[in-house]
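Breakdown of the fold
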Amino acid sequence: MIDLSRRQFLKQSALAGAAMAIPTSFSFASTPDTIIGHGDFKYKVNTSWGNLDPAKYPVVNCHEMVMDKKGRLMMVTDEAKNNIIIYDQSGKYLDSWTLGLGSAHGLSLVNEGGEEFLWIVDNGGRVIKTDLKGKIITEIPKPTSQGIYKEGMRYTPTETVVAPNGDLYITDGYGSQYVLQYDSKGNFIRMFGGDGHGDAQFKTVHGIAVDQRKGGTPTLLCTSRGHNSFKRFTMEGEYLETLFLPGAFVCRPVIHGKNLYAGVCWSRSKYLELMDNSGFVTILDENNKVVSNPGGTQPKYIDGELQLMIQKEPIFKHCHDVCIDQDENIYVCQWNAAKSYPIKLTRV
């Protein structure tokens, strides 16, 4: 009750301030007090939140971000000088370290008995577990080196997630489009998916998450970005359903509380072509209904069918990931965005 009252107060204050500050005609890309989003999920845009000195802390692409139990925000970049940059929630630089990876892409956080670790995925084929200071704990061998993949199969992993029982799942999102499952000791169990248009197949299985929102048996949500969808599977890799998000080229699913969030890496325009320098954030409720598209068009359903969603405000360039803090603010990491730093969306 206290949190709700606090958020309502902040919402009223921010909206009042925005009403006084924003002129009737303005550029969404440059106005710091812009309010975006829909319904109960509206946000004030802060495009300078994570800005650092690029001479000291350069980035190429701000690929993904997670928050540790101390509330620190840990971001992975493919700049080999500093693969991990750590912020506090005000955007202040805290620390950085590197593994010298030139294609670092995926970042997942796992808590093992109270101690936190990172899984870092490099598109060059490395899947590495580290502590929060960058010490390598273990590494998963390439499936091509273990006979899991046949000769000639491409392996370009993009993401990981750890299940409640300790099993590790790796998405080969830029390679052969499989999800590979390993036990907690790194032993291969199975793989499922593959490239194609079948319900149980993928087009860019970019990300993955364990969904326990309903309080029952955990399931896997896997991105199929080319299909504008998330696909749900059992933990054993059996297909269950597709969450179709027309027009949204989604990256990894991020679950916070009862809601599902995702960065949309590309958007379409009214003529349905894929547009460079486009994207938005999409938010689904506990029933997997889209309730807000910050930076995009308002979600619309006709006879229960979600209609095409496209970018509306030209704020984002290729939203690659989102991280949600305890106050339900969103931190947006972007790919191919002129080496820019993350954007913060403060919930109002």
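Residues numbered from 1 in each chain as written. Predicted model: local features only at pLDDT ≥ 70, side-chain atom pairs only at ≥ 80, totals over all residues. Heavy atoms only, no water.

**Details of the overall build of the chain**
Per the secondary structure count, the chain includes 1 helix and 29 strands. If one aligns the C-alpha atoms of the chain with their principal axes, the spans along those axes are about 65 × 50 × 40 Å. Evaluated residue by residue, the chain yields a buried proportion of 53% over its 348 residues. Restricting to contacts in the chain with at least 6 residues of sequence separation, those with at least 24 account for 46%. Total accessible area on the chain is roughly 15,300 Å²; 49% of this is exposed by carbon and sulfur atoms. Within the chain, the 38 negative side-chain charges are centred at a point lying 3 Å from the centre of the 37 positive side-chain charges. (Helix = DSSP H or I, 4+ residues; strand = E, 2+ residues; numbered from the N terminus. Buried < 20%, exposed > 50% of the residue type's maximum accessible area, 1.4 Å probe, protein only. Contact = heavy atoms within 4.5 Å. Areas by Shrake-Rupley, 256 points an atom, 1.4 Å probe, with all protein chains shown as cover. Lys, Arg positive; Asp, Glu negative; His and termini not counted. Charge placed at Lys NZ, Arg CZ, Asp CG, Glu CD.)

**Structural notes on the sheet that holds strand S4 (residues 73–77)**
The 4 strands lie next to each other as S3-S4-S5-S6, forming an open sheet whose pairing is antiparallel. Of all strands in the sheet, those with a lone pairing partner are strand S3 (62–67) and strand S6 (93–97), marking the two edges. When strand polarity is set aside, the average angle formed by the axes of neighbouring strands in this sheet is 20 degrees. As paired strands, S4 and strand S5 (residues 84–87) are joined by 4 bridges and run antiparallel to one another. Looking at the pairing, valine 76 lines up with isoleucine 84 of S5. (Pairing = 2+ DSSP bridges. Axes fitted to C-alpha atoms, helices over the stretch in contact; angles between N-to-C directions.)

**A few points about the nonpolar core**
What tends to happen in soluble globular proteins is that the nonpolar side chains get buried as a cluster. Among the nonpolar cores identified, the biggest contains 17 residues, and Tyr261, Val281, Phe316, Val322, Ile330, Val332 and Leu345 are the most heavily contacted of them. Mapped by element, the contributors of at least two residues to this core are strand S2 (41–46), strand S23 (280–284), strand S27 (319–324), strand S28 (330–334) and strand S29 (343–347). When sequence neighbours within four positions are dropped, the list of residues in contact with valine 332 reads Val281, Phe316, Cys319, Asp321, Val322, Pro342, Ile343 and Leu345. Grouped together as the second largest cluster of nonpolar side chains are 14 residues, Leu243, Leu260, Val264 and Met309 included. (Core = buried A, V, L, I, M, F, W, Y, C linked by side-chain atoms within 4.5 Å.)

**Considerations on the packing of aromatic side chains**
Tallying each qualifying case throughout the model produces 10 aromatic pairs. Between the aromatic rings of tyrosine 149 and tyrosine 155, the centroid separation amounts to 5.9 Å while the plane-to-plane angle is 85 degrees, which identifies the pairing as edge-to-face. Taking relative accessible area as the criterion, tyrosine 149 reaches 4% and is therefore assigned buried. Using a relative accessible area of 9% as the deciding quantity, one classes tyrosine 155 as buried. On the basis of an interplanar angle of 65 degrees and a centroid distance of 5.5 Å, the ring pair of tryptophan 266 and tryptophan 335 is categorised as edge-to-face. (Phe/Tyr/Trp six-rings, centres within 6.5 Å; stacked < 30°, edge-to-face > 60°.)

**A few points about the side chain of glutamine 311**
Its location among the elements puts glutamine 311 in the loop between strand S26 (305–306) and S27. For glutamine 311, the side chain forms a polar contact with the main-chain oxygen of glycine 279, separated by 3.1 Å. Within the local environment of glutamine 311, its side chain forms a polar contact with the backbone oxygen of phenylalanine 316, the two atoms lying 3.3 Å apart. With residues near it in sequence (within four places) discarded, glutamine 311 still touches Ser267, Arg268, Asn277, Ser278, Gly279, Phe280, Gly295, Gly296 and Phe316. (Polar contact = N/O pair within 3.5 Å; in protein donor to acceptor, adjacent residues only side chain to side chain.)

**Digging into the confidence of the model for the chain**
This prediction gives the chain a mean pLDDT of 92; 91% of its residues lie at or above 70. Here residues 1–6 is a poorly scored stretch, pLDDT under 50, and it has 1 contact once near neighbours within four places are set aside; other chains count. Note that pLDDT drops below 50 for residues 9–28; the model gives that stretch 17 contacts with residues more than four away or on any other chain. (pLDDT = per-residue confidence, 0-100.)

**Examining the environment of threonine 98**
Along the chain, threonine 98 turns up in the loop between S6 and strand S7 (104–112). Classification of threonine 98 by relative accessible area gives partly exposed; the value is 34%. As a C-alpha pair, threonine 98 and valine 76 span 22 residues in sequence and 9.4 Å in three-dimensional space. Of the polar contacts made by the side chain of threonine 98, one reaches the backbone oxygen of alanine 80; its length is 2.5 Å. A polar atom in the side chain of threonine 98 sits 3.0 Å from the side chain of asparagine 83.

**Remarks on the pairing of strand S15 (residues 208–211)**
What you see with S15 is no split at all: Ile208 and Val210 on one side and Ala209 and Asp211 on the other are buried throughout. Pairing geometry for S15 and strand S16 (residues 219–224), over 4 bridges, is antiparallel. Of the residues in S16, the one forming a bridge with isoleucine 208 is cysteine 222.

**Focus on the sheet that holds strand S11 (residues 159–162)**
Within the open sheet, the 4 strands sit side by side as S11-S12-S13-S14. Their pairing is antiparallel. Strands with a single pairing partner mark the edges of an open sheet, and in this sheet they are S11 and strand S14 (188–193). Each strand of the sheet is rotated relative to its neighbour by a mean of 20 degrees, with strand direction disregarded. Taken together, the 4 bridges between S11 and strand S12 (residues 168–171) define a ladder with antiparallel strand orientation. For threonine 160, the partnering residue across the bridge sits in S12 and is isoleucine 170.

**Looking at the layout of surface pockets**
Estimated volume of the largest pocket: approximately 950 Å³. Lining the largest pocket are 37 residues; nearest its centre among them are Val66, Ser108, Leu109, Val110 and Val161. When residues of the lining of the largest pocket are traced back to their parent elements, those giving at least two are S3, S7, strand S10 (136–140), S11, S15, strand S20 (254–256) and S27. For the lining of the largest pocket, the leading source of residues is S7, giving 6 residues. (1 Å grid on protein atoms, 1.4 Å probe; cavity = no way out; pocket = protein on both sides within 12 Å on 5 of 7 lines; lining within 4 Å. Points joined across faces, edges and corners; volume = space filled by probe spheres on them.)

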